[in-house]
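Each chain, written out:
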Amino acid sequence: MAAEEGVASAASAGGSWGTAAMGRVLPMLLVPVPAEAMGQLGSRAQLRTQPEALGSLTAAGSLQVLSLTPGSRGGGRCCLEGPFWHFLWEDSRNSSTPTEKPKLLALGENYELLIYEFNLKDGRCDATILYSCSREALQKLIDDQDISISLLSLRILSFHNNTSLLFINKCVILHIIFPERDAAIRVLNCFTLPLPAQAVDMIIDTQLCRGILFVLSSLGWIYIFDVVDGTYVAHVDLALHKEDMCNEQQQEPAKISSFTSLKVSQDLDVAVIVSSSNSAVALNLNLYFRQHPGHLLCERILEDLPIQGPKGVDEDDPVNSAYNMKLAKFSFQIDRSWKAQLSSLNETIKNSKLEVSCCAPWFQDILHLESPESGNHSTSVQSWAFIPQDIMHGQYNVLQKDHAKTSDPGRSWKIMHISEQEEPIELKCVSVTGFTALFTWEVERMGYTITLWDLETQGMQCFSLGTKCIPVDSSGDQQLCFVLTENGLSLILFGLTQEEFLNRLMIHGSASTVDTLCHLNGWGRCSIPIHALEAGIENRQLDTVNFFLKSKENLFNPSSKSSVSDQFDHLSSHLYLRNVEELIPALDLLCSAIRESYSEPQSKHFSEQLLNLTLSFLNNQIKELFIHTEELDEHLQKGVNILTSYINELRTFMIKFPWKLTDAIDEYDVHENVPKVKESNIWKKLSFEEVIASAILNNKIPEAQTFFRIDSHSAQKLEELIGIGLNLVFDNLKKNNIKEASELLKNMGFDVKGQLLKICFYTTNKNIRDFLVEILKEKNYFSEKEKRTIDFVHQVEKLYLGHFQENMQIQSFPRYWIKEQDFFKHKSVLDSFLKYDCKDEFNKQDHRIVLNWALWWDQLTQESILLPRISPEEYKSYSPEALWRYLTARHDWLNIILWIGEFQTQHSYASLQQNKWPLLTVDVINQNTSCNNYMRNEILDKLARYYNC
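First, a word on scope: everything that follows refers to the structure included in this document. (Residues numbered from 1 in each chain as written. Predicted model: local features only at pLDDT ≥ 70, side-chain atom pairs only at ≥ 80, totals over all residues. Heavy atoms only, no water.)

Regarding a nonpolar patch on the surface
Put simply, the rule reads: Excluding any residue in a salt bridge, patches collect residues exceeding 30% relative accessible area, merging like charges within 9 Å and nonpolar Val, Leu, Ile, Met, Phe, Trp and Tyr side chains within 5 Å. In this description, accessible areas are obtained by the Shrake-Rupley approach with a 1.4 Å probe, and a residue is regarded as covered only by the protein chains that are shown. Think of a salt bridge as a Lys or Arg side-chain nitrogen and an Asp or Glu carboxyl oxygen that are within 4 Å of each other. Helix and strand definitions here come from DSSP, where helices need a minimum of 4 consecutive H or I residues and strands a minimum of 2 consecutive E residues; each element is numbered from the N-terminal end. Only protein chains enter the accessibility calculation, which uses a 1.4 Å probe. A residue is then buried if its area is under 20% of the maximum for its type, exposed if over 50%, and partly exposed in between.
A cluster of nonpolar side chains, W338, L342 and L345, forms an exposed patch at the surface whose accessible area comes to about 380 Å². Residue placement: L342 occurs in helix α7 (residues 338-352). What makes L342 partly exposed here is its relative accessible area of 42%.

Below, the structure written as structure tokens:
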């Protein structure tokens, strides 16, 4: 409830609800309330703000008071036994002496008035009776005013600043003030309202609004009085709505039974009267009194008004002249400046669009009218009451509506009907504005329903609360719908989505309020607009900046309700990149603000804090991504590069701020101007490789760079140090120390899985390769293609390095024979990479096929490598393309003849199982023959003879 003002301002910002927005409803929890406390409350509750408390009358007549202050959050409560008939919280708006102890005025069953004060500090709710007034004391006060009545009924109209207006016997107004100490109650005013004699016993509802008392009679009349002096201001004949509706619709109007309650808007523009037949009538009072001027009984003549200038202003001052011109019958512009003329023309154009722009409100002649924002009952004459009718239109909310947009701008009466199938037990109007009316109605077995009635479009929007909800009445000018749900005190907003509301609250409220509401309601990520960030930077509101960055963290961070890995698996990389790119304008704005504020000495502290927030945000995004993502693809890498570019830019500002390395001693060498490192004495005894290994394993790379800088070693450069670190990784893999190698890679910022896979596929060291293959196989890091490649390389090495003797007989052609020494000359090229060479000085180890080579070999290439080392019995398992190319390239005429001899029988499917050769086709022969032309012709002749046979 501490956030209520910000919530209210955000909800009201932007004007009325439009037609398109009527379908959107946002329930929002404000204060959690324990279920035990909820069970003690009655059917309705009344809210008091600043400090926050709830009061509710139970069916037994007891008064339950519930504290909603931050310290108690529904835990502090008390019960006033009573029994009570009625109560009212003290109206503390615009009070000159704000108090932390709320008060309420309660009416007991014997017409006893009691003022209770509540101490809500530290989660308590302690009630104290400040004053009590018995029925006899009230009767004496009335008798002392020469009014001879017996106290039969009493209603509290207002309670403000220890003063109260009481409506006695439905005809007497008693204005009293309660003493602060043991003094007696004083009467400020007391009079009898000039009601018609037959109407006194028929009064069914009253409402006090801005010093005007509206009295509803069951006879179908509304009587309007000034409560300061009892002046009979006007009356409204509710029976006229039937005649007016019949004339407008040219048909018989719907029947409306007797009226039961009344509600008037704070601007005195609209009155809503609820009937007992599940319907309500909205009356535009301005249009009504324009159509029936005889019903407006209070009229003032401008000529009789005294002309008095504002106090403290010289009579020759232009302000005094402007004030006096307002009292004249004609309008004359005192300020003749160009700006004033433009403003006047602008107002004229705007007001020319309004149908009622030239008409003053019906209440302009009431002397004692209160301001809408005021909570007191001042009797001072308002200055606006003297403004002539031709310029009154710019002063009232009544003229802010564009009547051209309404369904029927000339209608003063509008009727709302609720479906008869619903059969509500009770229909009550909660609040009214010039645009909408808010109702609560209860249906048996279904509970309460909130209904918003748009007075312009005649549209209705309903929201069901359920059976376990309690409507909450609240005072104030804004149309706020509070309810007590199972979770606590909630606010129902119409015409807003969650994102729209939070965006407005960021602008009109504060980031801390938004953060609290999101946490309380379990709302996830919301997109905070960049102009909210601009406002936060401009107003130096770091909480707004922090909340903006927190809202963007949800774009990257996994949800707490799901596992981290699953979240990143489902978050596509291109969506991540798009989210980062959408963040670029905000990051540009932050960098620009840091750059500009840093140049101003008075803003340096703000610049430091802004820099800290921004860098923390960027570093956390990159950290979270690298922790939970095994390997970056193209999109993720591009997103990381964007974030890194901003970190690099902001680091230039960090260098200028006072900062030091982790565990660095605050001692500086005069000559080198670099900090001395804590580990210097230990590292001096080690080799530079050992120093680097120790620094990387202990996350002290910056300290190692400083240490090497003192010694002018090349490892002071990060690139050089990382290169040496990678060599250390390779050395550890030679020793089969996978744990330390992985730790080195991780602390240097590498993806351990990715780097180990690269080493495995690119190294020529057989021991390291085989060791990593076993490790990575256990962790299931290889794809199916990579597994097949590894198996193939092992097969090649086994065939070429083993003691298998080639057992192929090469049938030579007399005139085209490939010399054996030529064949072994080419074969030695491959063997040089597969066999150990005693003259090789590269680590004195065997050369092996690099896995990455084999990864790019297709099946034909792989079979071509294996064919020279297999026996003819295995030829059938190889592809005909590879085998034919191999045999013709070697001019192996013997096996070619055997294959062609079997070619004629291959067309018989019965002989396929007995064949020793793969299926030979014409396409295989045409596309894969690699011999010389002489042998090609011999092959063709051989095939032709087979076909001619």
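Following the structure, the description resumes.
So, the pairing of strand β19 (residues 270-275)
We count it as follows: DSSP-based pairing: two strands are paired if at least 2 bridges between them are found.
Among the six residues that make up β19, six are buried, leaving the element largely enclosed by the rest of the structure. By the alternation rule, side chains of β19 split into V270, V272 and V274 and A271, I273 and S275, which are all buried. Sheet topology places strand β18 (residues 259-264) next to β19; five bridges connect them, and they run antiparallel. Bridge pairing in β19 places F259 opposite S275. Joining the antiparallel neighbours β18 and β19 is a turn of five residues, in which L268 adopts a positive phi near 60°. As paired elements, β19 and strand β20 (residues 279-284) share five bridges and run antiparallel to each other.

Describing the packing of aromatic side chains
Each pair of aromatic rings is reported with the distance of its centres and the angle of its planes. The criterion, for reference: Two rings from Phe, Tyr or Trp (for Trp, the six-membered ring) form a pair when their centres sit within 6.5 Å of each other. Planes less than 30 degrees apart are called stacked, planes more than 60 degrees apart edge-to-face, and all others tilted. A ring is considered to have a charge above it if a Lys NZ or an Arg CZ atom is located within 6 Å of its centre and within 35 degrees of its normal.
One pass over the structure, following the stated rule, counts 22 aromatic pairs. Ring plane angle 55° and centroid distance 6.4 Å describe the contact between Y223 and Y232, whose orientation is recorded as tilted. On the accessibility criterion, Y232 (22% relative accessible area) is partly exposed. Positioned over the ring face of F606 is R540, at 4.6 Å from the centre of the ring.

What about the nonpolar core?
The tendency in soluble globular proteins is for nonpolar side chains to be buried as a group. Applicable threshold: Nonpolar cores are built from buried Ala, Val, Leu, Ile, Met, Phe, Trp, Tyr and Cys residues. Side-chain atoms within 4.5 Å join them into one set. Domain limits in this description derive from either an automatic procedure or a database domain assignment. Note on definitions: a residue-residue contact is assigned when non-hydrogen atoms from the two residues lie within 4.5 Å.
One finds L733, L772, W884 and I939 to be the most contacted residues of the largest nonpolar core, which totals 68 residues. Lining this core are residues from two domains, each supplying at least three of them: domain 3 (679-801 + 824-838) and domain 4 (861-948). Every residue in contact with I939, bar those within four places of it in the chain, is listed here: W884, T888, W893, I896, I900 and C931. Membership of the second largest hydrophobic core comes to 66 residues, among which are L66, F547, L618 and I622.

A closer look at the pairing of strand β12 (residues 172-177)
β12 sits mainly inside the fold: five of its six residues count as buried. Pairing analysis gives six bridges linking strand β11 (residues 163-168) to β12, with the strands arranged antiparallel. Looking across to β12, one finds that I168 is bridged to V172. As consecutive antiparallel partners, β11 and β12 are separated by three residues, and within that stretch N169 has a phi angle of approximately 55°, a positive value.

Thoughts on helix α13 (residues 573-598)
Basically, it comes down to this: Multiplying 1.5 Å by the helix residue count minus one yields the expected span of that helix. Fitting axes to the seven residues ending at a residue and to the seven starting there, one defines the bend at that residue as the angle between these axes.
Between its terminal C-alpha atoms α13 stretches 36 Å, which fits the 38 Å expected from 26 residues at 1.5 Å a residue. At I584, α13 shows its largest kink, close to 40°, and the proline P585 lies no more than four residues downstream.

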